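In case you want the letters, here they are:
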Amino acid sequence: MYIFPNSQVLIQKLTESLKSLTVKQDKDDQTISVVLSGGNTPRIWFDHLAVNSEEIDWSRVHLFWGDERCVPPEHYDSNYGMTKKHLLDKIDIPDQNVHRIRGEDEPMHEAVRYGQEILRFNRITNQEWPVFDWVLLGLGSDGHIASLFPNTATMQVVNRISTIAEHPLSGQRRITITLPVINHARRISFLVSGKSKAAIVDKIHGIEAASVNLPAAMVHPEHGTVEWFLDAAAASLLLKDK
Ligand code: 6PG
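Everything in this summary refers to the structure shown in the same document. (Residues numbered from 1 in each chain as written. Predicted model: local features only at pLDDT ≥ 70, side-chain atom pairs only at ≥ 80, totals over all residues. Heavy atoms only, no water.)

Moving on, we come to the site of the ligand. The immediate surroundings of the ligand are formed by 16 residues, with Asp67, Arg69, Asn79, His144 and Lys197 found nearest. Lys197 places a side-chain nitrogen or oxygen 2.4 Å from an oxygen atom of the ligand. In isolation the ligand offers 420 Å² of accessible surface; the protein chains occlude 88% of this area. Of the residues belonging to the shell around the ligand, the class tally is 3 nonpolar, 9 polar and 4 charged. (Near = heavy atom within 4 Å. Polar contact = N/O pair within 3.5 Å; in protein donor to acceptor, adjacent residues only side chain to side chain. Areas by Shrake-Rupley, 256 points an atom, 1.4 Å probe, with all protein chains shown as cover. Nonpolar A, V, L, I, M, F, W, Y, C, P; charged D, E, K, R; others polar.)

Here's what the structure looks like:
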């Protein structure tokens, strides 16, 4: 767990972390698959990354998304659209490295297609789960990650790579990767900032976390690592407990 004084320092560290993964290395042409998240913390990170990514060899980075809202890419709610505006339009990344979820297409059909695309561009386990190199997760104040919301059937899906979901309050349709996909990643990083997240962060890290039926508390990597990038506001209740 990393606790930074504010979100600005948090996103600087995140940029450094991506740099160290992807720094130009002539002899190493391996690709790196990174799953991005929607939300406010990623948005401010993308702004930072857009102007601080000189050392990143984007040709080695393949970008995916953890979830997408079922809207076209130009729509304000589109996670891809947000990333395009804040990051992709400002960096030199080949089009074929950008694996967006097509929010404008028929959702179940697109969930299947996206699952196949994920399999094509990642290492696959014997049980046929993709192994992403790095999955970045935002955290909802209700404990959701990607579009896996608490007390929904979607968070229990264990036989698909990608599936459909519905926002419990707005009813907005989404497409999301599933929990086993997240848990098979090599590295999983939660990006959480702001006081509004303090209570849920505390709950997930509390002594009863194992019994809490929240998607974020169900992140237990099969073989990889999980880390938390928190700012002091999001960690404020954790620090108080100590
Ligand atoms: C989405 C996200 C979602 C998000 C959290 C946190 O598309 O809505 O992927 O899981 O990351 O809701 O969002 P904030 O950073 O805006 O609080």
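Now that the structure has been shown, the text picks up again.
Here we come to the side chain of Thr163. Note on placement: Thr163 falls in strand E8 (residues 162-166). In terms of polar contacts, Thr163 uses its side chain to reach the side chain of Arg160, at 2.8 Å. Beyond its immediate chain neighbours, meaning those up to four positions away, Thr163 contacts Met108, Ala111, Thr154, Val157, Arg174, Ile175, Thr176 and Thr178. (Helix = DSSP H or I, 4+ residues; strand = E, 2+ residues; numbered from the N terminus. Contact = heavy atoms within 4.5 Å.)

Further remarks concern a nonpolar patch on the surface. On the surface, a cluster of nonpolar side chains totalling about 270 Å² of accessible area is made up of Met1, Ile3 and Leu239. The residue Leu239 is located in helix H7 (residues 236-241) in this model. (Patch = residues over 30% accessible without salt bridge, like charges linked within 9 Å, V, L, I, M, F, W, Y side chains within 5 Å. Salt bridge = Lys/Arg side-chain N within 4 Å of Asp/Glu carboxyl O.)

Once that is clear, we can look at empty space enclosed by the protein. Scanning all chains against the criterion turns up 2 cavities of 30 Å³ or more. Approximately 40 Å³ is the volume found for the largest cavity. Taken together, Val35, Leu36, Ser37, Gly66, Asp67, Val135, Leu136, Leu137, Gly138, Ala146 and Ile177 make up the full set of residues lining the largest cavity. Secondary-structure elements contributing two or more residues to the lining of the largest cavity are strand E2 (32-36) and strand E7 (134-137). With 3 residues, the top contributor of residues to the lining of the largest cavity is E7. Tallied by class, residues from the lining of the largest cavity come to 7 nonpolar, 3 polar and 1 charged. As a volume, the second largest cavity reaches approximately 30 Å³. (1 Å grid on protein atoms, 1.4 Å probe; cavity = no way out; pocket = protein on both sides within 12 Å on 5 of 7 lines; lining within 4 Å. Points joined across faces, edges and corners; volume = space filled by probe spheres on them.)

A separate point is the pairing of strand E10 (residues 187-192). Most of E10 sits inside the fold, with 6 of its 6 residues counted as buried. Residue alternation in E10 divides its side chains into two sets, Arg187, Ser189 and Leu191 and Ile188, Phe190 and Val192, and both sets are buried. When E7 meets E10, the two strands line up parallel, connected through 3 bridges. The residue bridging Leu137 from the neighbouring strand is Phe190, located in E10. Relative to strand E11 (residues 225-231), E10 is paired through 6 bridges, and the arrangement is parallel. Bridge pairing in E11 places Ile188 opposite Val226. (Buried < 20%, exposed > 50% of the residue type's maximum accessible area, 1.4 Å probe, protein only. Pairing = 2+ DSSP bridges.)

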